[in-house]
Each structure stands twice: as structure tokens, then as C-alpha cells.
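Descriptive analysis of the structure
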Amino acid sequence: MTTPETSDAMETHDMTDSQRMKRTPPVRTPPIRKATPAPAATVRAAPTPADPTGNPSPADGTVSDAVAQMVRLGYDVLAQNIQEARTAASQFRVGEYNIREAPGDLNQLATRMLRLTRELSSTTFDLMDRVLNDPALLGAIAAHPTQPAPATGYQADGPATAPPTPKMAASPIASAAASNAVALTCRFTGAKSAVMTVATLTQPDTPTTLKITGLESLETSSPAIEGVTFSPADNGSGVVADITIKDDQPAGLYSGIVFSAVTHLPLGTLTIQVLQ
Amino acid sequence: MVGRFADSLTVNLSQAIGPIAPQWVRTKLWYRREFGGVSLEKPIKVAVIGGGCGAMAAAFELTRPEHGGRYEVTVYQEGWRLGGKGASGRGPSGRIEEHGLHVWLGYYDNAFRMMRDCYGELAAADPANPFGDWREAFIPESDIGLFSPAEREGWQRWAAHFPSTPGLPGDPIDPGELVSLRRYLARSFTLLRTLILDCAVGRDAGVAAAGQDARASDAGGLGAAMKDLLGRGAFVGAAVIAEALAVLSTALDALPAPLDGAWVRLAESVCSGARRFLESELIADDRMRHVWEVVDLGLAYTVGVIRFGLLTDPRGLDAIDDYECREWLRLNGASDRALNSPFVRGLYDLALAYEDGDPKRPSLSAGQGLRATLRLFYGYRGAIFWRMRAGMGDVVFAPLHEALVRRGVRFEFFHRLTNVGLARVAEGEPTFVENLTFHVQAEVQGGGAYAPLVEVAGRPCWPSKPAFDQLVDGARMAAEGWDFESHWERRHTAEKTLDVIRDFDFAVLGISIGAVPHVCREILARDPRWRSMTENVRTVATQAFQIWLHEDLGQLGWEGPPYIVAGFSKPFDTWCDMAHVTPEEGWAAPPATSVYFCGVLPEPPDATVDDPTYPQRRAEEVRASALAYLAGPARALWPKAFDAEGRFRFDLLADPIEGRAGPSGPDRIDTQYWRANVNPSDRYVLNTPGSTRYRISPLDITYDNLTIAGDWTDCGFNTGCVEAAVMSGLLAAHALSGRPALEDITAYDHP
């Protein structure tokens, strides 16, 4: 005898002596609101009854296993932080930086980033220690001393041992070969077309917001193009100028000076050509 | 071999005889594999009462081919059309006339799956069927406009664009992707981190850094250490906050529950620092200010989830159901500015979340409000909004009707339920539904089935009025103005009582909660839970009007996208440009566009459902409101719709009666369409604070041959919307048949 495919559905209702059909109680009624994701291994599994007490499931394994697990997790967090800091430091070292995160001295910055990351990672360990400082776990903690940090190649006050190959930042207009040049590109919106012809931008000494004088016409008395804004490039390197060209903007060359909103010192120029 | 043959025979016979079998002969083959053959047994009779999304979802699920014809479903519907609150009709010139504005959201996975299955079934039966592909019927929309009153006068407009996401609503979801509050929180941290890294650094670099050792041995020290880090200057702030958010996000995945108070304070400190940083970067920029408002709300939600222990509370977001959503966010640090932002106002407007229709009484439970917001922002697939090609009746209920008829479902139109009768039992004993009583509002000539659909622009549609010519004494009914959908229409031609066992085995009560007190008197008399439900699950009346214009909105001065707008002037705070539906209508000379407006309808203090003049009086109020709206607030939307004297150009309104000169001036509004949705069954369902506990689940088995379906039930997503109604219908089907599995109802199990 084969099991009916619909046996679960068949058992949903019983027949009474009067042949009146009745529903059978469902396996469960309320939704499972526990704030935990379904296990990845569960694929269309049979429904399991909700915990009638509504309490979170007790941890599996022994207390010592839980402690060991938390220590491992703590190191995972640390390792991730270290890796991210290493990547950021490498980028700073070779000149790939975001205008908004770049003070003048790259080496000093790299060191500072690494120290911050180490301090944050230490904070994480302090946090883990706090979480573990539970009377029920004190005995297990004493029986399982913390493990030494895994070898990551990280050295406290020096660069990472193996910097990745630097990536060249993309720029449609090559900026000057100056060591502190910043790639500047344009993003145009509006019905009329335009192209960038000249763009120079140097890195400011201190973090700042970029501003630009209106893009004034170089050829005619056409109205200036206002409302230019700056934002980081999506690739994490350089700056993008967002420029809206009005429908009635006359064709021609327009140019403006890019300056620091904080110091008002000029940082570069931007020239565009509005097409016919 | 026998099994496969019998399966095939079952499906083919059902399709062949279903539509034509006499009413008293409804025998289908029911394959029982355990006997290795076929047996002839009577199917289980299910009476589905109502024609809205919940009822239709239940009927659709119970008649899936996988059930092998086991359930014989009959739908009992008052009036001439399916749809309930989603019903639409076709008026003069085939124009679409709706209850209001219906937009589907990109996380309506259950509803979309039903429609995709429906359209797929129709296409498989006939590739040239007039309904086409579901992707022609639902049009993605990624933009919404949100308005807020300007500081001095007028309005400010914010256009929000939501990028498309992979997949389509209704696609299967990998169980590994099931969401939790932890995951939502981690994604929020990631978004905040991205925003911080993208912000302009505007602070002076010389901000003094308070020196303090970051290492600490207690929670308070941890918080101080973090605050110290946060205060070290703009660049440092951005990097530290970003790094801290990364740590918090990682810790969410890494740390097992429960989370210690130190983590809580750490997260609050980070959020506080993020708030200060982002406020300084964003709020000064007009364009970014609204982004800041959203971020402020996100931070408040984050702090609230942490502070209220929701990450580990088995009740999930239901744990904060007693709080009003705005007030809960305020408790957790949201600014007044953010709470009154166009974003929040838009959410409340779209949810019609105003008690008694009073704009001064916004009311939305924090639990469901956050659940809906999280699903909206993190759960939509494809586009965030989906507009329908035509009326909801045409796009949803017409194909469902067609598919269900093909499956053998019988429809009894013009049957209005008047009573759910319970069996008399000894006190304290469980009872059951013994009979169902209906007013037969009209009978079909010749005793055949009523043909409800008409063809407009090549597609089957629901008319705005019944086909009186199909009805016995129809001409007289038409002349006397019988309004079969009106609660106040009591005229009928006969009464009908269905008895359990003889006429039905199970009943699905798919009416709206507004009608429950009128038809479930016996249940309410004996069951305090049902009484509490009807008292605490609130509803609100709504109003809507539609206009057809000879010029499109661009010509009238509106620059779109967006074409869906919320947060605008009351009472019609939500409106939508519906230019895409005019080709689906039957105009000899199509207008350039049509626009739908909707909003809540304030309840007068003397409102009573016993007054038969009540619906007409409210309809006249809506007309007056529509007129005032066009003459006033519409100026902010369409400046070129006004003449040199500042008057609305009523000549823009397209008269649907071809060749008629029609009224001029303000009276031309009478050529357009408006309605007051005041029928008890048309009232929109709310989720007010503390109301969830009073809802009853379709899985409830107090009455062992009855289940319920609708967005007023405890369906896992307890708010008034299509998705909730469909989920409820799926639960009703599960209650009767065990299918679909609860795990297969998307997001039923959800924080």
C-alpha cells in the first residue's frame, strides 16, 4: 500500500456519525515571530510546532562549547576589522583615497587608521568580555583561557606585509601628473548634451566641502550654469560634478573655479562645453 | 499507470463537466492512490461567501488541480460583480470606475503568485486569451511624489526614486533568505554606513578630540570610549562611525542571543553619533534634508528595536503593538521634524491610517507599521509599486473569475448573506454553522448562470451596473433603481437557506468585518472574542473621485515622474495619473489622461447605518469636496489648469456621453465620477494600537466547519491591503485542506 500523496490533507477533516464534516485542528496557528532566520538547510521542511512557552530555544551543546564559540566569533570580528583596515591603509598608501577622507599626510593617515581599527577591535574584545562575564559562565571561562590572536601578518605600527596591487582610478580626462591631483569627472542631466573639456583639481590640505563659482560663459553673455554639486565617485576614487543643463542653455564653453567651502582657497578649474 | 491516467481523467472531466453539469449533479472523480485505482465519491462542498481578495484566494487555492477536484466550491456574492473593496466597473464610454486608487506593492508576493498562476493557467488553456500576460497587466513604477506643507505657504515636493531590485514579486523565495530583525538591522547599518561614507565632510578639521583610553572594562566605559572616538573630528567621526557600524553589523551576525546591555548601549552611542554627524551634513542641504528625515527615522527604529529587546522577543514586532507608530519612534529619539516629514505622512496616507477619518488622529500600531515599512523597503522585488493596466476588477477579478469557472467553481451572484446560523447546543458545548441564509436579490432568467462580464476594448470587464436584461423583472428593478451593492438596499426576490451536509460542508466567510455584526449576530451573541474583534478591529470610510482630462498633466504644468503622489492636501491626499488606462476604455475620442484621487472620509458624529439617506448625503459631500479640491489645492499641482482669472478650467473635463454638449463651469463635475465608500463592507480596515490581539485567525477552529478570510483577520500581516487578504485566503484554504503549507505562505512567519 502506497502512502497517499494527499494524506496530510485527507486527515484535515474527520467524518462524524452524522456525516457532518469537521475540520481537524491545525498543527499550529500563530505565525512564528521569533527574530531568527530559518536554517539554511531547511528546504520546505515539515512544519514544527511553535515553542508554547514562547521562549528562545536554549543553546545547543555545553556551556564550554558556547564560550569557545563566542571566543572564536570575537576573533572573527577582529580579523574582519583588521582586513578592512589593511585594505584601507593600502589604498591610502598608494594614493587611492576619497576626497572626503584624505588629509595631507598619507602615512600619518594610514597609521591613524590602523590604530583606530586596533582600538575598535579592542573595544570589541572588551565587549565580548562583558558579554561573557556572566556568573553561569565564569567556571567555563576559567577552564578555557582565551586563545592567542591568530597570525594575520598585522604589525602594530607599520604597514601590512603584503599590500595588494594598486588599482588605477578611472578618469576620462587625465589630470595633471601632480602627486596631489584628484580625478574630476562630470555627470550631466537635462535635455541638452554637454562634455567636459578641462578639469583640474588638487587635493585640499584639510577635509572640506567643494564649491564652484557659477560656470560662466567664456564666449557670450549667456547666463551662467548654477547649482553644480560634488559627490564622491562611485568607484571610491575621485570626485563627480553633477551639472544640470537647462533646456534653453545656449551652446558654448562655460568655466568656473572650484574652491574649498571652508578656506575659500581655489583648488582647481572646471570647463565644459554645452553642445548644440 | 492507473494513477497517472486517473489524475489526467480527473482534471479533464472536471474541466469538461464542471461548467455544464446540472446543479444537482456535481460528482467528480476523486483519485485515491492507496487503493491503486479510482473511486467515485462526493466532493467536499465549500460555500465561499464574498468575492474579495480573501474569498477568491481561498477559492483559487481549494480548486488547484493538485486537489484533484476534491473541493466543490460555490461562491455566493451580493450584487453583480466580484471584488469587494477592489471591485471596479465600466461606465459610459467604457470608462473605468473604481472604489479608489489601487496600487500593488512589490512585496505582495502571495498576491502576485496567485495572479501569475491565474494568468499562466489562462494562457495555457488558450494562448490567445484576452487577458494576456501578467506582465502586461501590472506595470512597474519606481517613483513616488511626497508633499509637505512649505514653511510659509504652498507645498514642497519630494520625488523619491526606488531603484529596481532583482526578481519579480511572486518569485519563489529561498528559505535561506528568510528575514529576521537582525538581518533588517544589519542592512540598516550597512545603508547608514554607505550614507556616511558618501556625505560631504563639512566640519573643521581642528575639532578637539577628547582623549580617553578606548579600553574599558565596563559597559559605561565602553560607551564613553565610543563617544570619545565619535568626538574626534569630522574625518575621524565618519571613519569611526562607519567602522563602528560595520562592527555592530558584524556583531549582529556573530553574537548569539541574548545580547548584553553593553552591546545595547554601544549601539545607542553609535546611533547617537551617527545622528549628530548626519544632521550636520544633510540637514542644511534642501535636497538632502528629506534623506536626513528618513535616516532619523531609521536610527529611531534601530534604537527602538535594540532598546525594546525585539531581537530576542518571541513576539517579534507584535511586542510593540500597543504603541502608536509615531509615538514609539518619538520615544526612541525621532525628531518632530522627521515624524512630520512627507515620508511619514505619506505612509499614513497610503495606509489610510486615521481613526474615524480624522486627519488629526493618525493611528497605526507600531508593530504592524514597522513590519509593513521593513517589508516595503527591504522586501520589494522588481519595482516598489505596481500599477494595473486597467481597473482592479478587470486585471484581478475578471481573470480570476474566468480561471475559477474553468476549474468548475460555481458563482451565485445576487446572493446577499443575511445570517450565519449556529446549531443549538447545550451551554458550554462547542457548536458549528448549521445554516447560511441569503437574500436572493435577483434571479436569472431561465435559471441559468449569470454572465457577469462585458467586453470593452477587447477585454472582459465588469460593468458598473448589473445586466438587468438577464434578470427576471430586470427592467422594473432598473427603473426603480435597485442598488444591489448598497447596505441599505433591502429589496429582494426570495430567501434561500443553505443547510449543512445537504448544501455545504464547510463555509468560508470572506465578507468584510464591517458586515460581520449584521450577519453574524448569533456568533456575536455567544462569543466574546468575536464581539471584541468587531469592537476593536477598526475600519474607516473612504472617499474617491476620478476625472478625465482633455490635456495631459505635462500640459497642465506637472513634471513627472512621479505619477503616484501621497502626502498632499486633505481630504484627497493621495492621487495618481492614470493616463495608461484610457486606452483600455472605450472612448470614441479618448481623453488625454485620467486622474484618481482618494483619502479617508471623516465620520460625522451622528453617523448611523440605519438612515437610508446616509449614503446619498455622504456622496453629495464628496462631490462638493471634489469641486473644492479642483478649485483650490489642484493649483499647486497643475498651474496651467487655471485660467487668467485663477479659475479651474472645467472645460478640461471630458464628458463620457459622446456628442453631448454637457454642463459647463463647475457643474461639469457631474460628468465625472466620485463615490463615498460608506457601505459597512466597503470600509477600509485599520491596524490601530493594541488591536492585533483581538483579531481571529482563519486557522481558529472554534466553529469546526467555518473559517474566515479577509484583511481583518489575524493573517500574519495584519493591515488593510491586498496581500493581507490573500494571505488570509491561503490560511482559510489551509484550515480546510492542509494546503498550502504555512511555510509556503510568504512572510507568514515573519518578525
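By convention here, each chain's residues receive numbers from 1 onward along its written sequence. Whichever chain is written first becomes A and whichever ligand is written first becomes 1, with later ones labelled in order. Selection of residues for local features in this predicted model requires a pLDDT of at least 70, selection of side-chain atom pairs for listing and counting requires 80 or more, and totals for whole chains, interfaces and linings are taken over all residues. Water and hydrogen atoms play no part in the side-chain values, which are based on all heavy atoms of the structure.

Remarks on the overall build of chain A
In terms of regular secondary structure, chain A is built from four helices and ten strands. Labels follow the DSSP assignment, with helices taken as runs of H or I lasting at least four residues and strands as runs of E lasting at least two, numbered in each case from the N terminus. In chain A, the succession of helices and strands from N to C terminus is α-β-β-α-α-α-β-β-β-β-β-β-β-β. Partly exposed describes any residue whose relative accessible area lies between the buried limit of under 20% and the exposed limit of over 50%, with all areas from a 1.4 Å probe on protein chains only and scaled to the type maximum. Looking at chain A residue by residue over its 276 residues, the buried ones come to 38%.

Focus on the sheet that holds strand 8 (residues 138–141) of chain B
Residues and elements named next belong to chain B. Across the sheet, three strands lie side by side as 7-11-8; this open sheet has antiparallel pairing. Among the strands making up the open sheet, the edge pair consists of strand 7 (104–105) and strand 8. Note: two strands are recorded as paired if DSSP finds a minimum of 2 bridges between them. As paired strands, strand 8 and strand 11 (residues 385–388) are joined by four bridges and run antiparallel to one another. Of the residues in strand 11, the one forming a bridge with Pro140 is Trp386.

Topic: the pairing of strand 10 (residues 266–274) of chain A
Residue and element names in this part refer to chain A. As paired strands, strand 4 (residues 194–201) and strand 10 are joined by seven bridges and run antiparallel to one another. Among the inter-strand pairings, Thr200 is bridged to a residue of strand 10, identified as Thr269. Pairing geometry for strand 9 (residues 252–260) and strand 10, over eight bridges, is antiparallel. If you follow Ser255 over to strand 10, its bridge partner there is Thr271. The antiparallel pairing of strand 9 with strand 10 creates a hairpin that spans five residues between the two strands, and His264 there sits at a positive phi of about 65°.

Here's the deal with the nonpolar core
Residue and element names in this part refer to chain B. By nonpolar core is meant a set of buried Ala, Val, Leu, Ile, Met, Phe, Trp, Tyr and Cys residues that side-chain atoms within 4.5 Å join together. Core analysis: the biggest nonpolar cluster contains 135 residues, and Val46, Trp104, Phe138 and Val396 have the highest contact counts within it. No other element matches helix 21 (residues 722–737), which puts eleven residues into this core. By definition, residues are in contact when any of their heavy atoms lie within 4.5 Å. If we skip the residues at most four places from it in the chain, Trp104 touches Ala111, Phe112, Met115, Phe138, Ile384, Phe385, Trp386, Met388, Met392, Val396 and Val722. Counting residues in each nonpolar core, the second largest holds 34 residues, with Leu553, Val565, Phe568 and Leu627 among its members.

Here's the deal with the confidence of the model for chain A
Residue and element names in this part refer to chain A. The score called pLDDT rates the predictor's confidence residue by residue, from a low of 0 to a high of 100. On average, residues of chain A score 58 in pLDDT, and 38% of them reach the 70 mark or higher. Within chain A, the element-level pLDDT minimum falls on helix 1 (residues 7–10), averaging 42, and the maximum on strand 2 (residues 21–23), averaging 93. Taken together, the stretch residues 36–79 has pLDDT below 50 and engages in 45 contacts with residues farther than four places along the chain or on a different chain. Every residue in residues 136–178 is under pLDDT 50, and counting partners more than four places away or in other chains gives 48 contacts.

A look at helix 13 (residues 366–379) of chain B
Expected span of a helix: the number of residues minus one, times 1.5 Å. With 14 residues, helix 13 of chain B ought to run about 20 Å at 1.5 Å a step, and its terminal C-alpha atoms sit 18 Å apart, in line with that. Taken across its 14 residues, helix 13 of chain B has 13 buried, putting it largely inside the fold.

Comments concerning the packing of aromatic side chains
Residue and element names in this part refer to chain B. Pairing of aromatic rings covers Phe, Tyr and Trp, the last through its six-membered ring, and needs centres within 6.5 Å; plane angles under 30 degrees mean stacked, over 60 mean edge-to-face, and all others mean tilted. Counting across every chain of the model gives 43 aromatic pairs over all chains. Relative to Phe484, the ring of Phe414 has its centre 5.1 Å away and its plane inclined at 75°; by these criteria the two rings are edge-to-face. You can see Phe414 sitting in the loop between strand 12 (410–412) and strand 13 (415–422) and its partner Phe484 sitting in the loop between helix 15 (474–480) and strand 17 (494–499), a full 70 residues away along the chain. For the pair formed by Phe414 and Phe484, the shared burial category is buried. Linked through ring pairs, Phe147, Trp155, Phe545, Trp558, Phe568, Phe572, Trp575, Phe597, Tyr629 and Trp638 together constitute an aromatic cluster. Only lysine NZ and arginine CZ atoms are considered, and such an atom sits over a ring when it is within 6 Å of the ring centre and within 35 degrees of the ring normal. In this arrangement the basic side chain of Arg326 is found over the ring face of Tyr348, its NZ or CZ atom lying 4.5 Å from the centre. Lying over the aromatic face of Phe60, Arg407 brings its terminal NZ or CZ to 3.9 Å of the ring centre.

Thoughts on the sheet that holds strand 17 of chain B
All names here are of chain B. Strands sit in the order 13-14-17 across an open sheet of three strands; the sheet is antiparallel. Edge positions in the open sheet fall to strand 13 and strand 17, since each of these has one partner strand only. Ignoring which end each strand starts from, the neighbouring axes of this sheet average 20° apart. Examined bridge by bridge, strand 13 and strand 14 (residues 433–440) share seven bridges and lie antiparallel to one another. Following the sheet pairing, His415 is matched in strand 14 by Val440. Angles shown run from 0 to 180 degrees and are taken between the N-to-C directions of axes, each axis being a line fitted to C-alpha atoms and, for helices, limited to the stretch in contact.

Notes on the side chain of Asn110 of chain B
Relative to the helices and strands, Asn110 of chain B resides in helix 3 (residues 109–125). Here Asn110 of chain B is in contact with Glu723, Val726, Met727, Leu730, Asp744, Ile745 and Thr746 of chain B, once residues within four sequence places are set aside.

Regarding the packing of helix 3 of chain B against helix 14 (residues 392–407) of chain B
Residues and elements named next belong to chain B. Interhelical geometry of helix 3 versus helix 14 gives an angle of 55° and a closest axis separation of 10 Å. Taken as axis vectors, helix 3 and helix 14 run oblique relative to one another. For the pair helix 3 and helix 14, the sense of crossing is left-handed. In this structure, helix 3 uses Met114, Met115, Cys118, Tyr119, Glu121, Leu122 and Ala125 to contact helix 14, whose residues at the interface are Val395, Val396, Pro399, Leu400, Glu402, Ala403, Arg406 and Arg407. Throughout this entry, Asp, Glu, Lys and Arg are counted as charged residues, while Ala, Val, Leu, Ile, Met, Phe, Trp, Tyr, Cys and Pro are counted as nonpolar. The remaining residues, Gly among them, count as polar. By residue class, the composition of the contact of helix 3 with helix 14 is eleven nonpolar, no polar and four charged. Any angle between 65 and 115 degrees counts as roughly perpendicular, while under 35 counts as roughly parallel, over 145 as roughly antiparallel, and the rest as oblique. Handedness of a helix crossing follows the sense of rotation of the near helix relative to the far helix, less than a right angle counterclockwise being left-handed and clockwise being right-handed.

Observations concerning unusual backbone geometry
Residue and element names in this part refer to chain B. With an omega of 5°, the peptide bond between Lys570 and Pro571 qualifies as cis. Turning to its location among the elements, Pro571 is positioned in the loop between strand 21 (564–566) and strand 22 (574–577). Cis geometry marks the peptide bond from Arg739 to Pro740, where omega comes out at 0°. Following the sequence through the fold, Pro740 ends up in the segment after helix 21. One non-glycine residue, Asp356, lies in positive phi territory at about 55°. Tracing the backbone shows Asp356 in the loop between helix 12 (342–350) and helix 13. Of note in this structure, Phe414 is not a glycine but carries a positive phi near 60°. Residue class for Phe414 comes out buried when judged on its relative accessible area of 1%.

A short note on the confidence of the model for chain B
All names here are of chain B. For chain B, per-residue confidence averages 85 on the pLDDT scale, and residues scoring 70 or more make up 81% of the total. With pLDDT under 50 throughout, residues 1–40 is counted as low confidence; its partners more than four residues away or in other chains account for 55 contacts. Within the model, the stretch residues 200–236 combines pLDDT values under 50 with 86 contacts to residues more than four positions away or in other chains. For this predicted complex, the interface confidence reaches an ipTM of 0.78, while the overall pTM sits at 0.71.

What to know about the environment of Lys640 of chain B
Residues and elements named next belong to chain B. Looking at the element boundaries, Lys640 is found in the loop between helix 20 (634–637) and strand 24 (673–677). On the basis of relative accessibility, which here comes to 52%, the residue Lys640 falls in the exposed class. With 87 residues separating them in the primary sequence, Lys640 and Leu553 have C-alpha atoms 9.1 Å apart. Beyond its immediate stretch of four places on either side in the chain, Lys640 contacts Gln555, Leu556, Gly557 and Arg649.

Some words on helix 2 (residues 53–62) of chain B
The element helix 2 of chain B is extensively covered by neighbouring structure, given that ten of its ten residues are classed as buried. Taken residue by residue, helix 2 of chain B has Cys53, Gly54, Ala55, Met56, Ala57, Ala58, Ala59, Phe60, Glu61 and Leu62 of chain B as its buried positions.

Description of the pattern of salt bridges
Salt bridge, as applied in this entry: a Lys or Arg side-chain nitrogen positioned within 4 Å of an Asp or Glu carboxyl oxygen. Considering all chains together, one arrives at 52 salt bridges over all chains under this definition. Between Arg28 of chain A and Glu743 of chain B there is a salt bridge, and its shortest N-O distance comes to 3.3 Å. With Arg28 of chain A in the loop between strand 2 and helix 2 (63–93) and Glu743 of chain B in the segment after helix 21, the pair connects residues from two separate chains. For Arg28 of chain A, a relative accessible area of 4% translates into the label buried. Look at Glu743 of chain B and you get partly exposed, because its relative accessible area is 29%.

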